[in-house]
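A closer look at the structure
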Amino acid sequence: QKEVEQDPGPLSVPEGAIVSLNCTYSNSAFQYFMWYRQYSRKGPELLMYTYSSGNKEDGRFTAQVDKSSKYISLFIRDSQPSDSATYLCAMSAIRIGAQKLVFGQGTRLTINP
Amino acid sequence: NAGVTQTPKFRVLKTGQSMTLLCAQDMNHEYMYWYRQDPGMGLRLIHYSVGEGTTAKGEVPDGYNVSRLKKQNFLLGLESAAPSQTSVYFCATQSRRISNQPQHFGDGTRLSIL
């Protein structure tokens, strides 16, 4: 079993919809949680970064962490065609020092105009 | 992505050939990483470096070697390429001096081994 599981999709929704992306993990040592967005033929870019349970909001994006259930989510409100990309969750057990990130498989998302 | 440059962007090799992938950064970051990305597998860490002259193994190091002779460069080598090494390779950098800083990725090198 992989340490981090993510539904690969693909996920296709109409413009303006609320999108929910999820990851589950098995390693209770993970304490840093990230969401990266990756456009086609580009490198991942960081969207959200949190190290505690609860919600963190940044514009149309909300990251949610539930450590008791080992479950993290990313919500996108008022989705736009420009949000079409692959979304990767990533986790680390290390707070200080080199972060050996463990990634989910990535979910390919398409927002249809 | 600004600051992290990967060379080459695309390469086709024959089984058994060798090559070196170059990652160059201009952000003065201490930490550098090499990942590979395969369909259905996400990104997996190959090797990383915490500073000039130091390297360490990641999750999938077999078949690869790395060197960090200069702070700004991190090289990934394939001594004898195998079809299983067909992948997209990403380099990332991270600052040691600032806490909670993310890893910054390059745009990748697409490598095909025939």
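Below is a short write-up of the structure. For every chain, the first residue of its written sequence is number 1, and the numbers climb from 1 along that sequence. Going through the entries in the order they are written, you letter the chains from A and number the ligands from 1. For this predicted model, a pLDDT threshold of at least 70 governs which residues receive local features, and a threshold of 80 or more governs which side-chain atom pairs are given and counted, while totals over whole chains, interfaces and linings are taken from all residues. Values shown for side chains rest on all heavy atoms present in the structure; no hydrogens or waters enter the calculation.

1. Notes on the interface of chain B and chain A
Stated formally: By the convention used here, residues are in contact when the closest approach between their heavy atoms is within 4.5 Å. Computed with a 1.4 Å rolling probe, the buried area is the accessible surface lost when two parts are put together, summed over both parts. The working definition used for a salt bridge is a side-chain nitrogen of Lys or Arg within 4 Å of a carboxyl oxygen of Asp or Glu. Polar contacts here mean pairs of N or O atoms no more than 3.5 Å apart (in protein, one a potential hydrogen donor and the other a potential acceptor; neighbouring residues in sequence count only if both atoms are side-chain atoms). Numbering goes from the N terminus for both helices and strands, where a helix is a DSSP run of H or I of at least four residues and a strand is a run of E of at least two.
Each partner contributes residues to the interface: chain B has 22 residues there, and chain A has 20 residues. Here chain B meets chain A over a buried area of about 1800 Å², counting both sides, of which 53% is carbon and sulfur. Inspection of the region where chain B meets chain A yields one salt bridge. Measuring nitrogen to oxygen at the nearest pair gives 3.5 Å for the salt bridge that ties B:Asp107 to A:Lys42. At the junction of chain B with chain A, the criterion picks out seven residue pairs in polar contact (both at pLDDT 80 or more). Those elements that place two or more of their residues in the side of chain B that touches chain A are β4 (31–38), β5 (42–51) and β9 (87–94) of chain B. Among the elements that take part in the side of chain B that touches chain A, β5(B) stands out by supplying five residues, more than any other.

2. Comments concerning the state of the cysteines
The cut-off we apply is this: Cysteine sulfur pairs qualify as disulfides if the two atoms are within 2.5 Å. Each residue's exposure class comes from its accessible area (1.4 Å probe, protein chains only) as a fraction of the maximum for that residue type: buried when under 20%, exposed when over 50%, partly exposed otherwise.
For the coordinates displayed, the defined rule picks out two disulfides over all chains. The side chain of A:Cys23 participates in a disulfide bridge whose partner is A:Cys89; the two sulfur atoms lie 2.0 Å from each other. Looking down the S-S bond of the A:Cys23 and A:Cys89 bridge, the torsion is -100 degrees, so its handedness is left-handed. Taken together, the residues span a long stretch of sequence, with A:Cys23 in strand β3 (residues 19–25) and A:Cys89 in strand β9 (residues 85–92) at a distance of 66 residues. For the pair A:Cys23 and A:Cys89, a shared accessibility class is recorded, and that class is buried. Between the sulfur of B:Cys23 and that of B:Cys91 lies a disulfide, 1.9 Å long from S to S. Because the sign of the S-S torsion sets the handedness, a value of about -70 degrees for the bond joining B:Cys23 and B:Cys91 places this disulfide among the left-handed ones.

3. Considering the sheet that holds strand β3 (residues 19–25) of chain B
Residue and element names in this part refer to chain B. How we decide: Following DSSP output, two strands are said to pair if at least two bridges run between them. Comment: axis = line fitted to C-alpha atoms, over the contacting stretch for helices; angle = value between 0 and 180 degrees taken between N-to-C directions.
Read from one edge to the other, the open sheet built from four strands follows the order β1-β3-β8-β7, with strand pairing classed as antiparallel. Because the sheet does not close on itself, it has two edges, and the strands there are β1 (4–7) and β7 (65–67). Each neighbouring strand pair of the sheet contributes to a mean axis angle of 20 degrees, computed without reference to strand direction. With three bridges connecting them, β7 and strand β8 (residues 73–78) associate as antiparallel partners. In the strand pairing of β8, Ser67 is matched with Leu75.

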